[in-house]
Amino acid sequence: MDLNGLNPAQREAVLAVDGPILVVAGAGSGKTRVLTHRIAHLVEAHDIFPSSIMAITFTNKAANEMKSRIESLVGPVTSQMWVGTFHALCVRILRRDGHHIGYSSDFVIYDTTDQKALVKNCFKALNLDDKQTPIQSFQYKISNCKNDMMTPEVYETNFMKDPRERDFIKLYKLYQERLKANQAMDFDDLLLKTLELFDRYPEVLEYYRNKFKYVHVDEYQDTNKAQYLFIRKITSKYKNVFVVGDGDQSIYRWRGADIRNIQDFEKDYPGATIIKLEQNYRSTQNILDLANGVIKNNPGRRDKNLWTEAEAGEKIRYYQAYDEKDEARFIIGQIKRLIREEEFKPSDCAILYRTNVQSRALEDVLNIEAMPYKVVGGLKFYERKEIKDVLAYMKLMVNGADDISFLRVINEPKRSIGDKTIEKLTDFARERGLSLLEASGRVYEIDGISGKTAAAMSEFHEIIVSLRAKIDLSFAGEVFDELIERTQIIASYERERTDEADGRIDNIYELKTVIEEFEKRQDQPGIRDFLAETTLKSDQDSIEAVEDGVLLMTLHASKGLEFPVVFLVGLEQNLFPSYRAQDDEEELEEERRLCYVGITRAEKLLYLTHAKNRNHYGRFEPRTPSRFLGEMNQLLIENMSERTLASVLKESKPKEPSFYDIKPVKKNPYFTPDMGNNAKPETVLEEGSAFAPGDKITHKVFGSGMIVTVDAKSSILTIVFDAHGIKKLDPAIAQIKVIR
DNA sequence: GATGCTGCGCAGAAA
DNA sequence: GCGCAGCATC
């Protein structure tokens, strides 16, 4: 294989074969190149079986790209490698071995909507008040728990003494029971159940850790505790684990990513080789200097400085807008100018924002100017109601135990089956331990359901059961046609005769095309694999490069991508950085990394904009410029608005946050993620430390409370005050007395 | 049981 | 300024 195209650091990484290896890969330093060449090198130079190679990514898009790049190096043997996302690889393992822990290979995956429906379902069953506790908060809490390996049992052991946690414990338990009963897993379960399988059936783990002699992980800084453990276990035999990542691009703390996984790699894998890739092949020096200047403000990071052989390039362009409309007009005006006067296409330009709502003003102007564009994310095809309905029908066909899908479609299209009927059906099913689908087949035994309603339900049952029998015998397209025909889904939309309904019909036909294409592409096509694939699709996966249009997306969605021209917009306090970072240093650091990610997406031109005023909840509010603008090297910046950044910043110096401004931290105070059985310690108490979690204390202003956590490094205390909620306080400053 | 209207709460990023 | 949930009405 030709290694001449690689720089020395890249070559070193490619040639390192055995043992744990961490490649610290700065933005644009060619990490995918290193990963693919390394894998090809294993096969070609070391005769490693392709089937003993695993490569894990975070998006399907990244996985597909990696697969095709490896394939161009080593050919069709690539198909024997396991290349995919954590979720997809876990599905593969669970389909094969999930039966050990009570899951049929036909289990379905619940997306966030299904998950919400199930949580709601459990709320009802437990008679919980959804006005007091929003359903969504429990949904998030379950996911957070799972990300940190906190099962209902572990959670209960830790928090059963706290009366405020009782409802949640009950709900979490029931939720887990029902998932199992429905033969369903949520996103997080895919990992947790795989780990449970490995724990309870060592022979299963033995099989996989023998099989995968070389394991690769992309974007290692984004791994959460469960993913970390998955990697540890599967590499525990050969310890040939090759991870690539960049702590400065860790932006998924909110979904459980733990930056310590990459920071502590050497500790976790003694004798690890560390290789740094610092040469950047993407951006101009000015762009890199700006990015380096911002990220330097984060303490405690691995030192790393991106450099390039490219020229300094254009200066960074700055514009202060009057409001979000003015901001949008400026941006689209610039794009038009770039297309007219320079050699750029609309698709060379990306507009990156912090929150999805910011796309609206931009879209308005893009529409007015008739500029083609594409919003990444937003309302996705698979989130549309009609698509979800059809998919729910298919899930139910595959897995009759799936009560959530049953409830979704039993009255869709309308069959005159309402709440009362559902209640009777549910009671009947529960008494006899049946699934709702099974119960619907015995509808004539149920008291109180008769006539038209009973007939409709019986027919529904018959449709599902007869289609299920055909799944393995017919082409998916045929089954699909029959499903549409017999359920009258399209027919009922046709009767509506509205543009909206016509759109839905088009979408359903589009779904049929997608299924047929899937069927052609697979060796052993199956509806259940199609369902898994669609559920696990990400926003990034849907980005198509074919169309020529301006791309609009959140900063999060932009990670891993690059564009000749980048507009980084809405650089305002409490928007970017988010208001949630106001009094939370760690959050702020994450926002700063996000800023770093945004800047380093740009190849040639970078624009920074913010508005003096912005509509928020329909109210016109004055805004102050982002502190990140203040952290940038002004010498790199060129002014395009009335006033220079320097003069704007001088005027709006952010005031020092006062001690009493500290807001309650939103996180669950009782939530100490390190209490899971396999966890690494997060808060190590120093010897003789005056404070420990659980201590009762008093504070001059906030009164009495209890210490929840003690940060090992900063010794900052998280305290729940009886009357003031949760605060983070530094005992070196605040006067805190322990009551013993 | 279906449909249409009102008002509340909201919008942080997602596989 | 919008979407969804809940309620009133047919």
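These notes cover the structure that comes with them. (Residues numbered from 1 in each chain as written. Chains lettered and ligands numbered in written order. Predicted model: local features only at pLDDT ≥ 70, side-chain atom pairs only at ≥ 80, totals over all residues. Heavy atoms only, no water.)

Across a sheet, paired strands are connected by hydrogen bonds in the backbone, their directions being either parallel or antiparallel. Sheet architecture is open: six strands sit in the order 3-2-6-7-1-8, paired in parallel fashion. In the strand order of this sheet, the two ends are held by strand 3 (82-85) and strand 8 (273-277), each with one partner. Adjacent strand axes in the sheet meet at a mean angle of 15° when their direction is disregarded. Here strand 6 (residues 214-217) pairs with strand 7 (residues 241-245) via three bridges, running parallel. Each bridged residue has a counterpart across the sheet, and for His216 the counterpart in strand 7 is Phe242. (Pairing = 2+ DSSP bridges. Helix = DSSP H or I, 4+ residues; strand = E, 2+ residues; numbered from the N terminus. Axes fitted to C-alpha atoms, helices over the stretch in contact; angles between N-to-C directions.)

Turning to the protein's contact with DNA strand B, a few remarks are in order. For DNA strand B, the set of nearby residues contains 30 residues, the closest of which are Trp254, Arg354, Asn356, Thr421 and Arg580. Take the atoms of DNA strand B that sit within 4 Å of the protein: sugar and phosphate atoms are 44% of them. Within the side chain of Trp254, one N or O atom sits 2.8 Å away from a base nitrogen of DNA strand B. A distance of 3.2 Å is found between a base nitrogen of DNA strand B and a side-chain nitrogen or oxygen belonging to Glu587. Of all elements in the fold, only helix 9 (187-200), helix 19 (419-432) and helix 27 (585-599) reach the threshold of two or more residues within the surface near DNA strand B. For the surface near DNA strand B, the element with the highest residue contribution is helix 19, accounting for three residues. Residue composition of the surface near DNA strand B, by class: eight nonpolar, 11 polar and 11 charged. (Near = heavy atom within 4 Å. Polar contact = N/O pair within 3.5 Å; in protein donor to acceptor, adjacent residues only side chain to side chain. Nonpolar A, V, L, I, M, F, W, Y, C, P; charged D, E, K, R; others polar.)

Moving on: the pairing of strand 6. Of the two faces of strand 6, the one holding Tyr214 and His216 and the one holding Val215 and Val217 are both buried throughout. The sheet contact formed by strand 2 (residues 53-57) and strand 6 spans four bridges and is parallel. Of the residues in strand 6, the one forming a bridge with Met54 is Val215. (Buried < 20%, exposed > 50% of the residue type's maximum accessible area, 1.4 Å probe, protein only.)

Purely geometric stuff here, so don't read any function into it on its own.
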